[in-house]
Structure formats: structure tokens, C-alpha cells
Amino acid sequence: MPTNHRRFELSILGCSGGPIAGRTCAYLLKPADVSYNEIILSSKPNTAKKPLLAIDAGAGLASISQLILEGNRRTLRENFMISIYDGHQSQYEEFNFYQNTGNLEVSHPFARVGKSDGASLTPLEASWKILNSIAAYLITHSHLDHLSGLVINSPSFRNTKDVYGLTQTMNALRYSLFNDYVWPDLINEGLISIHELSPYVDSRCVCDFYNVECFPLAHGDVKNHRKFLSSAFLITEKSTKNSIIIFGDLESDYSSSKQYNRKIWETISPSILNDKLNTIVIECSTVDKPPPLYGHMTPTSLMKEFLILRKYCFDAKFPQKGANNSAESTLYIQSGFQPLKAMNVIITHVKEIPTAVNPRTPIFKQLNDLNYKYALGINFTIALPGLSYIL
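Residues numbered from 1 in each chain as written. Predicted model: local features only at pLDDT ≥ 70, side-chain atom pairs only at ≥ 80, totals over all residues. Heavy atoms only, no water.

Caption draft 1: Summary view of empty space enclosed by the protein. The tally for this structure, following the rule as stated, stands at four cavities of 30 Å³ or more. Of the pockets and cavities examined, the second largest cavity occupies roughly 70 Å³. Taken together, the elements giving at least two residues each to the lining of the second largest cavity come down to β2 (26–31), β7 (134–138) and α5 (148–152). In terms of residues, the lining of the second largest cavity owes the most to one element, β2, which gives three residues. By residue class, the composition of the lining of the second largest cavity is twelve nonpolar, three polar and one charged. (1 Å grid on protein atoms, 1.4 Å probe; cavity = no way out; pocket = protein on both sides within 12 Å on 5 of 7 lines; lining within 4 Å. Points joined across faces, edges and corners; volume = space filled by probe spheres on them. Helix = DSSP H or I, 4+ residues; strand = E, 2+ residues; numbered from the N terminus. Nonpolar A, V, L, I, M, F, W, Y, C, P; charged D, E, K, R; others polar.)

Spelled out as C-alpha cells, the structure:
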């Protein structure tokens with residue numbers, strides 16, 4: 001059963017699926033035992049190892065500045081993605097409703113950031129330093145809700161920023177974004193350095209602290225019925241081999257007719273069985289509804305994927321029992337061995353809708369109902385901007 005080893009701190013700068021700008025998907029990842037103050041107030045910033053990774057960049061400098069400004073003024077309960085909906089929804093609109101803290105801890109990432117003995121930075125100064133402390137950007141795909149911060153924040157970069165992703169994603173940055181028409185060609189100018197990651201290959205050069213393995217994902221169709229590729233990043237501590245996996249936008253293998261997700265479940269199941277992976281960050285954009293879903297997940301499609309993951313784990317542990325059974329078999333549901341019990345699944349990319357009820361509420365309910373039905377025991381949490389998860 002996954003346990004919290006307190007190895008990672010995942011900070012949520014943005015996690016919305018739009019259409020609200022400035023709060024879309026962007027995450028910072030660092031070791032849980034290294035504070036943001038230690039990172040930005042290092043006495044030798046140019047020579048110190050950089051432990052901070054950015055995964056996607058749908059938000060950036062403005063979001064960090066605002067979160068630093070609010071760090072000592074507001075409680076975690078007062079969250080932007082809750083407050084824009086009706087504030088009178090009983091427990092359904094309370095912060096704690098969306099957070100399952102059974103196997104993770106929740107904190108404010110930037111409380112007291114920039115404040116220490118002999119140092120007092122303004123929110124903008126501190127956020128500027130955080131941005132320039134990022135060792136690398138991992139970009140899941142080239143849609144603007146995952147890229148806009150990298151573009152708009154680029155005038156603040158003091159040094160070359162290393163940007164990693166699949167070839168399709170990096171080519172979109174080269175030819176469709178940093179092309180002197182949409183935005184200045186910062187690649188040719190040396191401010192952005194593009195690095196293509198080969199699928200299914202463990203890369204050791206991205207960061208001093210982590211190895212990164214990139215997995216392609218299906219994210220809807222483009223011209224001539226070709227699959228548009230997104231990606232997931234399996235990020236592994238070099239010292240302990242503990243991992244976290246963070247998904248970009250994706251659709252189920254059942255709708256894509258591909259096997260991209262199954263390849264991931266097959267890869268990570270040994271880490272789950274060895275208690276080296278306790279958290280999956282993945283999208284669930286909307287409640288269950290008829291297609292088209294435009295390459296996204298609903299609670300039912302996501303749960304089908306987790307049934308496959310459970311089957312991989314179970315069959316690896318008991319190879320004689322499960323080989324010929326479907327993932328929905330009672331063999332798995334009624335078993336006393338539940339490999340995903342207490343697995344943290346952090347839900348991102350919920351699409352905002354103009355209603356009084358936060359769309360996270362029905363999504364959360366549907367996920368937990370299915371979780372109970374299939375006896376998976378997953379700890380579902382809905383990501384909210386301005387929170388850090390200690391994992």
C-alpha cells in the first residue's frame with residue numbers, strides 16, 4: 001500500500017482547464033526538505049544545485065506573486081477556485097471537501113517566502129527569484145493553457161531556460177510560437193534552449209535531483225485523423241528512487257484505440273508494489289457526458305484506466321490468478337489485496353462553467369462513487385491553486 005515518504009513538494013500555480021486565463025496548468029516540484037527560501041536566498045545562486053522543476057507553464061510570475069502576497073493574509077480555505085462560485089454551498093464549497101489528507105499533507109507553498117534574517121523581498125522580487133531558480137521546464141504538450149506563462153514570463157529570464165518535451169511539442173515551440181511572429185525567436189537568441197525527450201527513455205540530465213521519463217499520450221485528433229500527442233512525466237529521485245507521475249491532458253485508451261496509457265500502467269506498477277510511487281497527478285476535465293470529449297477524461301473513463309492499473313499490479317503479484325480475467329472482474333474487487341489503496345490521485349484540469357455549483361463537486365462525487373463501487377481505495381484530491389502537497 002502506498003505510504004507518504006515526504007520526499008516531494010508539489011506546488012500548484014494553476015490547475016484549471018480554462019476558460020479562465022492565468023490559472024491554467026502549472027506546477028513546481030522540489031524536494032520536501034528544501035524550502036523555497038533556501039532556494040531563492042542561496043548565497044551562491046549560480047553555483048548551487050537547482051532542485052526546482054516546472055511542469056507545464058499555464059501560469060507563472062503573476063500567480064506566484066499573488067500567492068506570495070496572500071501567504072500571510074488568507075487561510076487555505078479562502079481559495080480562488082472556490083470563491084468564484086456560490087459561497088453558500090454548505091460543505092461542498094469548503095476547502096477541505098476536495099482534499100483527502102489521509103496520505104498527503106497540505107500547506108501554503110509561499111508563506112514567509114522572501115522573509116528571513118537580513119532579507120525582506122517584495123512579492124515580485126521573490127517570485128522573480130523563484131522563476132529564475134527553475135532548473136528546467138517539462139512541457140506536456142503545446143496547447144496555450146500549458147505554455148502561456150513560459151512565453152509571457154520570458155522577459156524576466158536572466159539565463160537560458162532549458163525546456164524539455166516530446167519532439168512534436170518542441171517543434172510546435174520552434175515553428176509555431178518562438179518564430180518572430182507569435183513571439184520573438186528566443187530559441188535562436190539563446191534564451192530558450194529546446195531539448196527533445198525520447199519516449200520511454202530515462203533521462204538523467206534534466207535536473208541535479210531527478211531523472212525524468214517521458215510517455216506519449218493521446219489527446220484528441222488533429223488533421224487527417226492523426227492523434228495529437230500530449231505526455232506524462234515520471235519523475236524519480238536519484239537518491240531514493242521514489243517517484244511521482246504527472247500527466248498532461250489525455251484521453252482514455254478506450255476512446256483513442258491506442259495503448260499509450262497501458263504502457264504507463266505496466267511501467268509504474270512495480271514501483272507501486274515496491275512502495276516507491278504514491279501519487280498520480282492526472283486530469284478529469286468534466287462530469288460524465290456524451291462525446292465528443294475532445295481528448296479529455298471524465299470520471300468513468302478515468303476509473304476504467306485505474307482498473308487496468310490495479311490489474312497490472314495484482315497480476316504481477318499473483319500471476320497465476322488474474323491473467324485471464326477482465327479488469328472489472330470480482331476477483332479484483334473482492335480481493336483483500338488492493339494495491340491502489342491510499343494511492344494519492346490529484347485531479348487537475350477541471351473546466352470552469354458559469355454555474356453556481358463548482359464543477360469540482362459533481363466530478364469529485366462521481367469519482368468517489370466509482371471508487372467505492374470498484375473497491376479501489378484511492379485517495380482522490382482535487383487540486384486547487386496556491387496549495388502545496390507534501391508527498
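Caption draft 2: Expanded view of the sheet that holds strand β9 (residues 192–196). Sheet architecture is open: eight strands sit in the order β4-β17-β1-β2-β3-β7-β8-β9, paired in mixed fashion. The sheet terminates laterally at β4 (105–107) and β9, the two strands that pair on one side only. If you compare each strand with its neighbour and ignore which way they point, the axes differ by 25° on average. As defined by bridge partners, β7 adjoins strand β8 (residues 161–165) across two bridges and the pair is classed as parallel. Bridge pairing in β8 links L138 to Y164. (Pairing = 2+ DSSP bridges. Axes fitted to C-alpha atoms, helices over the stretch in contact; angles between N-to-C directions.)

Caption draft 3: Structural view of the layout of surface pockets. Volume-wise, the second largest pocket comes out at about 190 Å³. What lines the second largest pocket is a set of 13 residues, and nearest its centre among them are S285, T286, V287, K289 and K351. The class makeup of the residues in the lining of the second largest pocket is eight nonpolar, three polar and two charged.

Caption draft 4: Helix α9 (residues 299–317), seen in detail. Between the first and last C-alpha of α9 there are 27 Å, a value that for 19 residues agrees with the 27 Å anticipated at 1.5 Å per step. The element α9 is extensively covered by neighbouring structure, given that 14 of its 19 residues are classed as buried. (Expected span 1.5 Å × (residues − 1). Buried < 20%, exposed > 50% of the residue type's maximum accessible area, 1.4 Å probe, protein only.)

Caption draft 5: Inspection of the environment of K289 at higher detail. Take K289: it is sitting in the loop between β14 (277–283) and α9. Placed ten residues apart in sequence, K289 and P299 show a C-alpha to C-alpha distance of 9.7 Å.

Caption draft 6: Seen up close, the nonpolar core. Counting residues in hydrophobic clusters, the biggest one holds 76 residues, and the most contacted among them are I235, I280 and F306. In terms of residue count, the dominant contributor to this core is α9 (seven residues). Apart from the residues lying within four places of it in its own chain, the contact partners of I280 are I245, F247, W265, I268, F306, L309, M343, N344, V345 and I346. With 36 residues, the next largest nonpolar core counts L13, L67, Y137 and F178 among its residues. (Core = buried A, V, L, I, M, F, W, Y, C linked by side-chain atoms within 4.5 Å. Contact = heavy atoms within 4.5 Å.)

Caption draft 7: Broad picture of the pattern of salt bridges. Under the definition given, this model contains nine salt bridges. Salt-bridge contacts for K227 lead to E251; the nearest nitrogen and oxygen are separated by 3.3 Å. Residue K227 is found in strand β12 (residues 227–237), and its partner E251 is found in the loop between β13 (243–247) and α7 (253–256); the two are separated by 24 residues along the sequence. For the salt bridge of K365 with D369, the shortest nitrogen-to-oxygen distance reads 2.8 Å. Of the two residues, K365 and D369 are both situated in helix α11 (residues 360–373); the distance of four residues between them amounts to about one turn of the helix. Given the relative accessible area of 53%, K365 is considered exposed. When its relative accessible area of 41% is taken as the criterion, D369 is described as partly exposed. One network of salt bridges, with partners in common, ties together D221, K227 and E251. (Salt bridge = Lys/Arg side-chain N within 4 Å of Asp/Glu carboxyl O.)

Caption draft 8: Local environment of helix α6 (residues 167–177). Listed as buried for α6 are T169, M170, A172, L173 and L177. Seen along its axis, α6 keeps its buried residues to an arc of 150°; they face one direction. Check the buried side of α6 and you find it contacts α5, β8, β9 and β12. (Arc of directions from axis to C-beta.)

Caption draft 9: Expanded view of the sheet that holds strand β15 (residues 344–348). Judged by pairing direction, the sheet is mixed, and its seven strands sit side by side in the order β10-β11-β12-β13-β14-β15-β16 without closing on themselves. Here the strands that pair on one side only, and so sit at the sheet edges, are β10 (202–203) and β16 (379–382). Bridging between β14 and β15 involves five bridges; their strand directions are parallel. Pairing of I282 across the sheet is with I347, part of β15. Sheet contacts for α11: β15 and β16; angle to β16, the most-contacted strand, approximately 170°.

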